[in-house]
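Below are the chains, spelled out letter by letter.
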Amino acid sequence: SHASHESRGDHSSRASCSRGFTPRHRVVVRKRGRGRPSTSTSRRSLPRTYEQALAQAHGAVRDALKDGEKLIEVEFPPLSLGAVCGDGEGSVEMDANLGHVLELSAMLVKESKQKNLKVLLPEEKEEEELLSLKEAQYPNASFGTGFLTNPSLLGDVGLDLFQKPITECIDPEDSLFLAAYPSFSVNEMLAVEELHVEEPGTPIVVVNGELDRFRSGYYPKLFYKKVAAMSSSFIPGFVGAFYLHNFKGRKPGSLFRRYPGPWQVFRRDADTTEVRECIHEQDERPTLREIALEYFV
């Protein structure tokens, strides 16, 4: 289990969250005090603890579900809210993600109408680990579990001749799917896409799936034809419900969104990485490359 965690994590750390973005449009600045009334320009809107982050993520997912969204993205650094993806050891990040997924799942079944939640882990071994953790921490939380893929030598290029149909993991009464960190093998997100094709009316929440890699063109189309098709047809359908991405360097900062609010850019202190101020808001989702070039170079 530990070795498999290391291999999964190493792959994730190689994939830079901000690599290869192509600007689609010039960032349009919304001046403060104009547009939607909002208190979100306060630094208080950025969570400082994981307790706050998961509570905000739960509220954002709940609001997106109320609005009828079917594809919902939750993305945040798993080890530290001031970190970037790949900062930590693969196995440590995986364990942290497992804990976050359990917390969020428990919130969803306790405080909302999602009584038939199905949590889908990347592999069967991780499903077993979640069940063990659930038994210890939330024995009364009622949600189903399953897994997306089987380990495969060809999984890294989106091929798996022995992959079981995703329909084997789901039940007719499932009312919400939560895909837990499907970010190591591309087969994991391909399975999520298959799930959406099979059950288009059932919402899917993807937690820490590193979807920005698909948006950025990280995977060469020549070798990842199925991934390229998914990146252009399926990934754009996701709404960013709770999203936190940090930029490091001489001018550190963050891109943040809590549905249904605007996308916000925050400046961080270069020495302490503490959040200083919100410097920009916009309604349309920007690319990471746009934000990096505009504010953090």
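These numbers come from a predicted model, not from an experiment.

1. What to know about the sheet that holds strand β9 (residues 275-282)
Working step 1: Spatially, nine strands are ordered β3-β2-β4-β5-β1-β6-β7-β8-β9 in an open sheet, and the strand pairing comes out mixed. The open sheet is flanked by β3 (144-147) and β9, the only strands paired with a single partner. Neighbour-to-neighbour, the strand axes of the sheet open up by a mean angle of 20°, direction not taken into account.
Working step 2: The pairing of strand β6 (residues 239-247) with strand β7 (residues 253-258) spans six bridges and is antiparallel. Counterpart to N246 in the pairing with β7 is S254.
Working step 3: Its contacts with the sheet place helix α2 (residues 50-66) against β1 (71-75), β4 (176-180), β5 (204-207), β6 and β7, and it is angled at close to 145° to β6.
Working step 4: The strands touched by helix α4 (residues 124-137) within the sheet are β2 (117-121) and β3, with β3 carrying the most contacts at an inclination of about 155°.

2. Observations concerning the environment of L54
Working step 1: Mapped onto the secondary structure, L54 falls in helix α2.
Working step 2: Distance in space between the C-alpha atoms of L54 and V74 is 9.8 Å, their sequence separation being 20 residues.
Working step 3: Other than its neighbours up to four places away in sequence, L54 contacts F76, H100, E103, L104 and M107.

3. Concerning the environment of P236
Working step 1: Examined against the element boundaries, P236 turns out to sit in the loop between α7 (225-233) and β6.
Working step 2: Measuring from C-alpha to C-alpha, the distance between P236 and F214 comes to 9.4 Å, with 22 residues separating the pair along the chain.
Working step 3: Residue contacts for P236: discarding those within four places in its chain leaves M230 and S231.

4. Details of the pairing of β5
Working step 1: Where burial is concerned, the two faces of β5 agree: the one with I204 and V206 and the one with V205 and V207 are both buried.
Working step 2: Bridge analysis of β1 against β5 gives four bridges, and the strand direction is parallel. Looking at β5, one finds that V74 is bridged to V207.
Working step 3: Where β4 meets β5, four bridges bridge the pair, whose relative direction is parallel. Within β5, the position partnered with A180 by the bridge is V207.
Working step 4: Regarding topology, helix α5 (residues 186-198) serves as the crossover connection from β4 to the parallel β5, and that connection is right-handed.

5. Brief notes about the packing of α5 against α7
Working step 1: For the pair α5 and α7, interaxial distance at closest approach is 11 Å and the crossing angle is 50°. Comparing their axes, α7 and α5 come out oblique. The hand of the α5/α7 crossing is left-handed. On the side of α5, the interface is formed by V186, M189, L190 and E193, while α7 contributes K226, V227, M230 and S233.
Working step 2: Its residues placed into classes, the contact of α5 with α7 shows five nonpolar, one polar and two charged.

6. Describing the pattern of salt bridges
Working step 1: The tally for this structure, following the rule as stated, stands at eight salt bridges.
Working step 2: When the shortest N-O distance is used, the salt bridge between D212 and R285 registers 3.9 Å. On the criterion of sequence distance, the pair formed by D212 in helix α6 (residues 212-216) and R285 in the loop between β9 and α8 (288-295) is long-range, its members being 73 residues apart.
Working step 3: By relative accessible area, D212 is classed as buried at 9%.
Working step 4: A relative accessible area of 16% means that R285 is categorised as buried.

The rules behind each value
Residues numbered from 1 in each chain as written. Predicted model: local features only at pLDDT ≥ 70, side-chain atom pairs only at ≥ 80, totals over all residues. Heavy atoms only, no water. Pairing = 2+ DSSP bridges. Helix = DSSP H or I, 4+ residues; strand = E, 2+ residues; numbered from the N terminus. Axes fitted to C-alpha atoms, helices over the stretch in contact; angles between N-to-C directions. Contact = heavy atoms within 4.5 Å. Buried < 20%, exposed > 50% of the residue type's maximum accessible area, 1.4 Å probe, protein only. Right-handed = clockwise from strand over helix to strand, strands pointing away. Parallel < 35°, antiparallel > 145°, perpendicular 65-115°, else oblique. Left-handed = near helix turned anticlockwise from the far one by under 90°. Nonpolar A, V, L, I, M, F, W, Y, C, P; charged D, E, K, R; others polar. Salt bridge = Lys/Arg side-chain N within 4 Å of Asp/Glu carboxyl O.

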